[in-house]
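# Fold and contact review
Listed below are the residues making up each chain.
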Amino acid sequence: MKLGQRRYADILVLSPAGRLDHDSCETFGAELKPLLDDVVAGRRIVLDLSALEYVSSAGLRLLLLAGRQASEQGGKVVIAAMRPLVAEIFHISRFSMLFEIHPGVREALIATSPQAAAAFDLG
Amino acid sequence: MRVRFWGTRGSLPVSLTSRDVRDRLARALVVANGRGLDTLEKAQDFAERELGFPLTHTFGGHTSCVELEMPEAEPDEYFVCDMGSGARPFGEHVAARQAGRAATVNVFMSHMHWDHIMGFPFFGPAYRRGNRIRIHGCHAALEQAFRRQQDPPSFPVPFSQLAARIEFVRLTPGEAFALPGGTVTPQLQDHSGDSYGFRFESRGKSLVYTTDSEHKLDDQDARQRIVEFFREADLIVFDAMYSLAEAVSVKADWGHSSNVVGVELCQAARARKLALFHHEPANGDDAIERILRETRRLEELTRDGHPVEVVAAYDGLEIDL
């Protein structure tokens, strides 16, 4: 799987693409780690899941650990733009109760940082 | 091979309250309004065909106790996994079928936590002279656990006064143990104090009884061992006590698993049927029914060509393999 990165003002938007399953977890975790290590107090990461086709239990656990690390550093991971299948998996696994979830990246940015939302609108 | 569930609840027995019964009755009456159900037969047919499971049944009930009928066993021989509170009605079943004849009951113990042994002091066949009870397991302290729960001040009848001939048989994890017309193979599982799953095989059919087992999602080797243990089984009786979110967060290391992991493991192992088991005692029938619907949906969403039938075990359920 691939991990895209964009930055809008002070917000980092990460876009995993493909399948986040038992086979791809290790690679995804390794790519995510330095980005999480850089999270500072008050800073958020938006996970744009619009290109994520599937997430397994191991992938969900990795997202939980990412959110936990960000919280421990004073930041936060929020989720945006899930495809219907991934949204159903979040619901059935009750991971929808563990994350702040937004319908789209723009909504996530508006809730997070006006400057980032403005940067997003400017393209 | 027939599997009969006598106890399906995790941790602690539960029962419907009188308020639960009254509310179900009221909901059923609303649905039945104007249907002309003026005989018991019509009403029973209506209940069977038109009322949903949560109105006409309960998942129960008793803690873990699952009977397995081995097709080549003698008629007086019984096989059962765990002695939770479901062992009481199971014992009544044995006594009724035997009608005075002596029985041999083979018990296979996943572990000795209280909810898995609490039915034994109320297991009628243990009190009948001439019966033989063989308790199989992999734990060194198996006999001690059964004796201790009947010691004062916990219970008035000490283990030594039980009239049946009771033997303890130590099994070795990973080694097949011969049964009439088949085998059983124990498998070590991740649970406080260890637990063991059992894979039963007979006449080309297989049952895996795997309760009180946590699956660590970052341990690929352990996952592969479990997949091989489940491989192409006809039925997996699976610990689905928690949601995945609970199992990896607030209830991590509590030794239980989830419906989501059950589906994934059954799909990877090409198992045929998944029975959600060891239901969380805080979940009512509506909640378990919802979990069942969602689990079936997850299986459908993530199916890769191999369908896995999903059921939720309830006290009284029988499955023929």
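See the structure printed just above.
Residues numbered from 1 in each chain as written. Chains lettered and ligands numbered in written order. Predicted model: local features only at pLDDT ≥ 70, side-chain atom pairs only at ≥ 80, totals over all residues.

When helices and strands are tallied, chain B shows 10 helices and 14 strands. In summary, chain B has a C-alpha radius of gyration of 20 Å against a globular reference of 20 Å for 321 residues, a match within 12%. Over its C-alpha atoms, taken along the principal directions, chain B stretches across nearly 60 × 50 × 40 Å. Taking all 321 residues of chain B together, 46% fall into the buried category. In chain B, the proportion of contacts linking residues at least 24 apart, taken out of those at least 6 apart, comes to 71%. (Helix = DSSP H or I, 4+ residues; strand = E, 2+ residues; numbered from the N terminus. Rg over C-alpha atoms; globule rule 2.2 N^0.38 Å. Buried ≥ 20, exposed ≤ 12 C-beta atoms within 10 Å, placed from the backbone. Contact = placed C-beta atoms within 7 Å.)

A few words on the sheet that holds strand 12 (residues 273–277) of chain B. Residue and element names in this part refer to chain B. Across the sheet, 7 strands lie side by side as 7-8-9-10-11-12-13; this open sheet has mixed pairing. Either end of the sheet is taken by a strand with one partner, and the two such strands are strand 7 (177–179) and strand 13 (309–312). Pairwise comparison of adjacent strand axes, ignoring direction, gives a mean angle of 20 degrees for this sheet. Two elements, strand 11 (residues 235–239) and strand 12, share 4 bridges in a ladder whose sense is parallel. Paired with D239 across the bridge in strand 12 is F277. In the packing of helix 9 (residues 259–269) onto the sheet, the strands contacted are strand 11 and strand 12, and the crossing angle to strand 12 comes to about 160 degrees. (Pairing = 2+ DSSP bridges. Axes fitted to C-alpha atoms, helices over the stretch in contact; angles between N-to-C directions.)

Take the pairing of strand 11 of chain B next. Residue and element names in this part refer to chain B. Most of strand 11 is tucked away, with 5 of its 5 residues classed as buried. In strand 11, alternate side chains face the same way, and those of L235, V237 and D239 on one face and I236 and F238 on the other are all buried. As judged from the 4 bridges shared by strand 10 (residues 205–210) and strand 11, these two strands associate in the parallel manner. Paired with Y209 across the bridge in strand 11 is V237.

Attention now goes to the interface of chain B and chain A. Contacts between the two partners involve 17 residues from chain B, matched on the other side by 16 residues from chain A. Mapped onto the side of chain B that touches chain A, the elements with two or more residues apiece are helix 7 (220–230), helix 8 (244–248), helix 9 and helix 10 (285–302) of chain B. When grouped by side-chain class, the residues that make up the side of chain B that touches chain A number 8 nonpolar, 3 polar and 6 charged. (Nonpolar A, V, L, I, M, F, W, Y, C, P; charged D, E, K, R; others polar.)

Right, let's talk about the packing of helix 7 of chain B against helix 9 of chain B for a bit. All names here are of chain B. Between helix 7 and helix 9, the shortest axis-to-axis distance is 8 Å and the interhelical angle comes to 65 degrees. Relative to helix 9, the element helix 7 is oriented roughly perpendicular. Between helix 7 and helix 9 the crossing geometry is right-handed. Contacts between helix 7 and helix 9 pair I226, V227 and F230 from the former with L265, C266, A268 and A269 from the latter. Its residues placed into classes, the contact of helix 7 with helix 9 shows 7 nonpolar, no polar and no charged. (Parallel < 35°, antiparallel > 145°, perpendicular 65-115°, else oblique. Left-handed = near helix turned anticlockwise from the far one by under 90°.)

So, on to helix 3 (residues 84–93) of chain A. Residue pairs spaced three or four apart in an α-helix point in one direction, given the helix's 3.6 residues per turn. Buried residues of helix 3 of chain A: A:V86, A:I89, A:F90, A:I92 and A:S93, and no others. Structurally, helix 3 of chain A contributes buried residues whose contacts are with strand 4 (52–55) and helix 2 (57–72) of chain A together with helix 8, helix 9 and helix 10 of chain B. Phi turns positive, to about 70 degrees, at A:R94, one or two residues after helix 3 of chain A.

All names here are of chain B. With mixed pairing, the 7 strands of this open sheet are ordered in space as 6-5-4-3-2-1-14. The open sheet has two edge strands with one neighbour each: strand 6 (165–170) and strand 14 (318–320). Averaged over all neighbouring strand pairs, the angle between strand axes comes to 20 degrees, with direction disregarded. Two elements, strand 3 (residues 77–81) and strand 4 (residues 104–108), share 5 bridges in a ladder whose sense is parallel. What sits directly across from E77, in strand 4, is T104. Packing of helix 4 (residues 87–98) onto the sheet brings it into contact with strand 1 (2–7), strand 2 (65–69), strand 3 and strand 4, and relative to strand 2 it is tilted by some 30 degrees.

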